[in-house]
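Residues per chain, in single letters:
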Amino acid sequence: MVLKVFFPSCCSSADSGILIGRWLSEQSSAVVLAVVHFPFIPVQVKQYLGDVQRVTKVSVSVLGSWSNSKQEKEEGLSEFLEDLGTIFSHEPWIQISKEGDSKFWSCSTLQKHSSSPKEEEVILVYYDQRKVMLSHLHPPLDTADGRAEDTSKLSAIFDTVARSRVLFMTDRYDEGPIKLTHWQSEGVEASIIVELLKQASVPACMLLTFLLSLVSGICRSRVLKFWPLSFLWSKLSTCEQLGHRLQHLQVISSNKKAQTQIQLMRKANIFVSLLIDVGLGILLMSWLYRKNRIGHLADTLIPVADHVAEELQDLLQWLMGAPAGLKMNRALDQVLGRFFLYHIHLWISYIHLMSPFIEMILWYVGLSACLGLTVALCILSDIIALLTFHIYCFYVYGARLYCLKIYGLSSLWRLFRGKKWNVLRQRVDSCSYDLDQLFIGTLLFTILLFLLPTTALYYLVFTLLRLLVVIVQGLIHLLVDLIDSLPLYSLILRLCRSYRLAAGVKFRVLEQQAGKPLRLLMQINPLSYGAVVQTYRLPTYSCYPKDSWASLCKKLFLGELIYPWKHKGEKQD
């Protein structure tokens, strides 16, 4: 039988005393938490351990004795250490000793109540008590290889050290009857700034909670549920992002304590994401209002709109002729071309009508950057959507006309084969048609077939223009989602204090000699950056459709409307 003793490396230079910790019988392991120095009164030690056990719910007991003789061994010390086994009565009684400046340790077990005591092989495992206490052991993402059982055994050790925080609150400056050695025995870590922030956070959170409840109450009012406001709230990316950030602020300001490590990390990630987002937004706002960049941007916007309109007019003039040498239906080509040219004329008139107010609009829009860079990016996406609304209208007109002809041709093709679409049963059934129906169907099929190339060309050109706008908006929303979902606090923690995010442990051999216990050093393996992102990634407000390339090509061929993203609760056409 192999007995594993997990010994804190901070206690290797402690004075002689007794070992207190937890015994894990199912693993034949002893987790040493601290060393109680001589002199002490056994009754006070038992009373102290009982108080610790009541608070931490961890079965802490005296595991054995520790002897660190820097000089010659005192007489009676070994006998006294053996007698302690009868006072505290723990099976097995672990005896660890370190002789002078020697690097070799001796470790033995004593079983007084056993009828046939056997020599047990002992493995001494050193661990960094501070790192183990502050770290959180994550289960493996892939448990198919049977590592879940090993992870549960390690979790018991990590959980024992983490739940014994009360034991580490006493240091050498306490005027108590018991003197302990542990990772914090030199002094409890504290900071005046941190304590002041803790005291100030309570009223600040209460005030923020009241303001957020007031704002959320206004957002849930019936006024916003009427048609114009509800439509704008569901379609504008800025409103969606503001609602998303409002939920984040409610999570941060909640006075409910995080129950698990995942919830605590989620709050920290949201808080750091908000800080960085607002900081980047303030930097963007300071850059915009410096050197009158808002005025230069407003002066550039009208010429750019005129240039885009001229390019669209030249494109329509090219389509109304013989594009790439193709023979179009002249009547339909002229009707569609003039229809779209009239829309461009209306759009340019609208832009020039709004030109005196553009600088003022941009000035007020720039102030919204103080709410965060993501809000500014969402406003930019909405401005692009408004400035390219005529391109969206062209795409919708062309897609609907092309879709109508495609479905008309497919219906008439079924008529030639003596088939029809059964709406009730959602299938194709056989049907007999008379001569007049076949004649009219042939005329309609011929007309639609010869008009299809002209309609398909307009649909193709406007679909490409629409896709160009969609790609620009998609890149903006990808950047917004990256800022919203990236667990920045976890990544910073992984970079600076990687032991806080533990994926497992590794053991390094320190000493291996016959007749001496095997000494190992337990080191923490941190999570990889990909696993950190996968574990602590924050949810976003937009969900991207997961269509395959075949499905996307089918929608383009049938003329169905395609959106780059859809918000939660919104169905895709």
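Rules used throughout
- Residues numbered from 1 in each chain as written.
- Predicted model: local features only at pLDDT ≥ 70, side-chain atom pairs only at ≥ 80, totals over all residues.
- Heavy atoms only, no water.
- Helix = DSSP H or I, 4+ residues; strand = E, 2+ residues; numbered from the N terminus.
- Expected span 1.5 Å × (residues − 1).
- Contact = heavy atoms within 4.5 Å.
- Salt bridge = Lys/Arg side-chain N within 4 Å of Asp/Glu carboxyl O.
- Buried < 20%, exposed > 50% of the residue type's maximum accessible area, 1.4 Å probe, protein only.

- The name an unreviewed UniProt entry gives the protein is PIGQ acetylglucosaminyltransferase, with Oxyruncus cristatus as the organism.

1. A look at helix α9 (residues 293-319)
Move 1: An ideal rise of 1.5 Å per residue puts 39 Å on 27 residues; α9 measures up with 39 Å between its terminal C-alpha atoms.
Move 2: Buried positions along α9 lie against α8 (261-288), α10 (330-367), α12 (389-416) and α13 (435-485).

2. Quick word on the pattern of salt bridges
Move 1: Following the criterion strictly, the structure yields four salt bridges and no others.
Move 2: A salt bridge links arginine 54 to aspartate 51; the shortest N-O distance between them is 2.2 Å. Highlighted residues: arginine 54 and aspartate 51, both in helix α1 (residues 42-56), separated by three residues, approximately one helical turn.
Move 3: Since its relative accessible area comes to 57%, arginine 54 is described here as exposed.
Move 4: Judged by its relative accessible area of 32%, aspartate 51 falls in the partly exposed class.
Move 5: Note that arginine 245 and aspartate 277 form a salt bridge whose closest N and O atoms lie 3.0 Å from each other. Of this pair, arginine 245 sits in helix α7 (residues 237-253) while aspartate 277 is found in helix α8, placing the two residues 32 residues apart along the sequence. Both residues of the pair, arginine 245 and aspartate 277, count as buried.

3. Considerations on the side chain of threonine 455
Move 1: Take threonine 455: it is sitting in helix α13.
Move 2: In this view, threonine 455 contacts Leu332, Leu401, Tyr402 and Lys405; residues no more than four positions away in its chain are not counted.

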